[in-house]
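# Reading the structure
Okay, here's what each chain looks like letter by letter:
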Amino acid sequence: MSNEPTVAEMIAGSLARHGVEILFAQSLPSMVALSAEDLNIRQFAYRTETAGAAMADGFARLSGRVGVVMAQNGPAATLLVPGLAEALKSSIPIVALVQDVNRPQADRNAFQELDHIGLFQPVSKWVRRVTEPDRAIDYLDMAFAVAASGRPGPAVLLLPADVLLERVKPPSARHAALGTYPLDRSIADPQRIAEAADLLAKARHPLVVAGGGVHLSGAAAEVAALQANAHLPVMTTVMGKGAVDETHPLSLGVAGYNLGHMAPARDLRPLIEQADVVLLIGTRTNQNGTDSWALYPDGAKYIHIDVDPAEVGRNYEALRLVGDAKLTLAALLEQLRGRRSPDAGVARAIADARAKHAEEIAPLMQSNASPVHPVRMMADLQQVLTPDAIVVADASYSTLWVACYLKALRSGMRFITPRGLAGLGWGLPLAIGAKMAQPQSPVICLVGDGGFAHVWSELETAHRMQAKIVLTVLNNGVLAYQKDAEDVKFNRHTSACYFTPVDHAQIARVCGCRGVRVERPSEYLPALREALAANETTVIDVITDPQAYPPITFFDETLERVRAERNK
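Residues numbered from 1 in each chain as written. Predicted model: local features only at pLDDT ≥ 70, side-chain atom pairs only at ≥ 80, totals over all residues. Heavy atoms only, no water.

## Quick look at the packing of helix α14 (residues 374-384) against helix α15 (residues 397-405)
At a closest axis distance of 10 Å, the pairing of α14 and α15 adopts a crossing angle of 55°. In terms of axis orientation, α14 runs oblique to α15. The way α14 lies across α15 gives a crossing that is right-handed. Between α14 and α15, the residues in contact are Pro374, Val375, Met378 and Gln382 and Trp401, Val402 and Tyr405, respectively. Along the lines of polarity and charge, the residues of the contact of α14 with α15 split into 6 nonpolar, 1 polar and no charged. (Axes fitted to C-alpha atoms, helices over the stretch in contact; angles between N-to-C directions. Helix = DSSP H or I, 4+ residues; strand = E, 2+ residues; numbered from the N terminus. Parallel < 35°, antiparallel > 145°, perpendicular 65-115°, else oblique. Left-handed = near helix turned anticlockwise from the far one by under 90°. Contact = heavy atoms within 4.5 Å. Nonpolar A, V, L, I, M, F, W, Y, C, P; charged D, E, K, R; others polar.)

Pasting the structure below:
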């Protein structure tokens, strides 16, 4: 027998070289999984590929390393698509290793054969199929380089099963570790940085908008320094939440499509609309982040920092600062040093808006009504948050309750939401991946009953793999966002919006986790504290008010009018 390694063994060795310590996989491609386990690379076995991709996503967001997910060909591969699509839109680096049929069987209707290249092209930055065994490591290194460089995103490598068994002479020794991101940092044009500094120095009403790219770049400290030393007010998008300490006097909180009645930033809208210079950092200026492109002022001058040149100027013509946010902000701050003085009027306006909102929202935060109102839950949840806590929310209302009513306690605190495509069911697997990335940090996850139903099975994964999280289910028996949006748009909603009652605490118990049912507001805070102190995953199933909805601008007045007319 030849002493030369198999392709699978060489791939496993290269994964180790890139710093990979965990694979989100379910045994396939088997030879890669076996070879990786021989090198003490842990296989984290998911139950469904969609959840596995989301776990790799959550892991990548919190670890600063490329997430690696593996899957079988055919139906398993198709289930990776939603997770990779979210990662592509959210700029999360993932390498997907997907088994393919044996090369001689291609185009012969082999078992579970599919056009995987066509399948993955729309949801990845790069996709290749290994056909020559001696090129396997070339392609693997390319996959990591593509995923982690520029604007991060997924790369897919297709591995025919017979290629993995081939024995080949190892390529020349390689030492490069490509598994962290940003892999390459570039700085924007110095002349344009100087122009940006001049604009900000002279601005009467400057505003900074921090997006998710701040976290991808690890630039939260630079944003905080800009806020503190250049005295610039900062608001964030939902994905940028945590870029700054939200208790800072110049923090506006999260603004976008969440400026309806009872919104924390509602009374700060005039500060946004009067801005004459707006610095956009790592944001796609998408529909939700800009309240359907109606929030930012038309007459302002824009400066846009982003690593992706296609995003700069996409929706707002801007001074182009194409480069890494961390390096570019550091250079910008140096140019601004000593050129701006504190504006007591801005700090006072923010303080007044906070005080007004606190008074307005107090009845809900102190409410003892049953079913439980989510705002009361957020008030209790804030009490147990620590600066190192990681908060994960599923899509839909869960995201907005967290974005609006929890405060980041430090610059760089992480709040993770699936905002790329905002698909339901991402909360639990994102939280599991985040826990594997930062096992010492408490991970708190908030999901709705609609989204949680997509991924109940992964509770068994969390129990089996000892990934302890604290998960709260907003159990209101209704697909709330869908129902309320239909009411606003059409003055009626479909029958599909309602569920039969489900005991999620019981589901947790049969999966080996702790399960707690909460029906009264006074029960939630003690349940949270017990769950955080426990050594296992806990599901807190809270019976919540089906009429409650977050402060979505689009719903303002209309939803209440529709409800009033229906109740006549």
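## Re the pairing of strand β4 (residues 94-100)
The buried fraction of β4 is high, at 7 of 7 residues. Residue alternation in β4 divides its side chains into two sets, Ile94, Ala96, Val98 and Asp100 and Val95, Leu97 and Gln99, and both sets are buried. On the question of chirality, the crossover connecting strand β3 (residues 67-71) to the parallel β4 by way of helix α4 (residues 75-90) is right-handed. For β4 and strand β6 (residues 154-160), the ladder comprises 7 bridges, and the chain directions are parallel. (Buried < 20%, exposed > 50% of the residue type's maximum accessible area, 1.4 Å probe, protein only. Right-handed = clockwise from strand over helix to strand, strands pointing away. Pairing = 2+ DSSP bridges.)

## Looking at the sheet that holds strand β13 (residues 390-393)
Ordered in space as β14-β13-β15-β16-β18-β17, the 6 strands form an open sheet in which the pairing is parallel. If you trace the sheet from one side to the other, it starts and ends with β14 (414-416) and β17 (514-518), each paired once. Across the sheet, the mean angle from the axis of one strand to that of its neighbour is 15°, orientation sign disregarded. Direction of pairing for β17 relative to strand β18 (residues 538-543): parallel, over a ladder of 5 bridges. Pairing of Arg514 across the sheet is with Thr538, part of β18. Of the strands in this sheet, β13, β14, β15 (443-448) and β16 (470-475) are in contact with α15, which crosses β15 at around 130°. Together, β13, β14, β15 and β16 form the strand contacts of helix α16 (residues 427-437), whose direction differs from that of β15 by roughly 170°.

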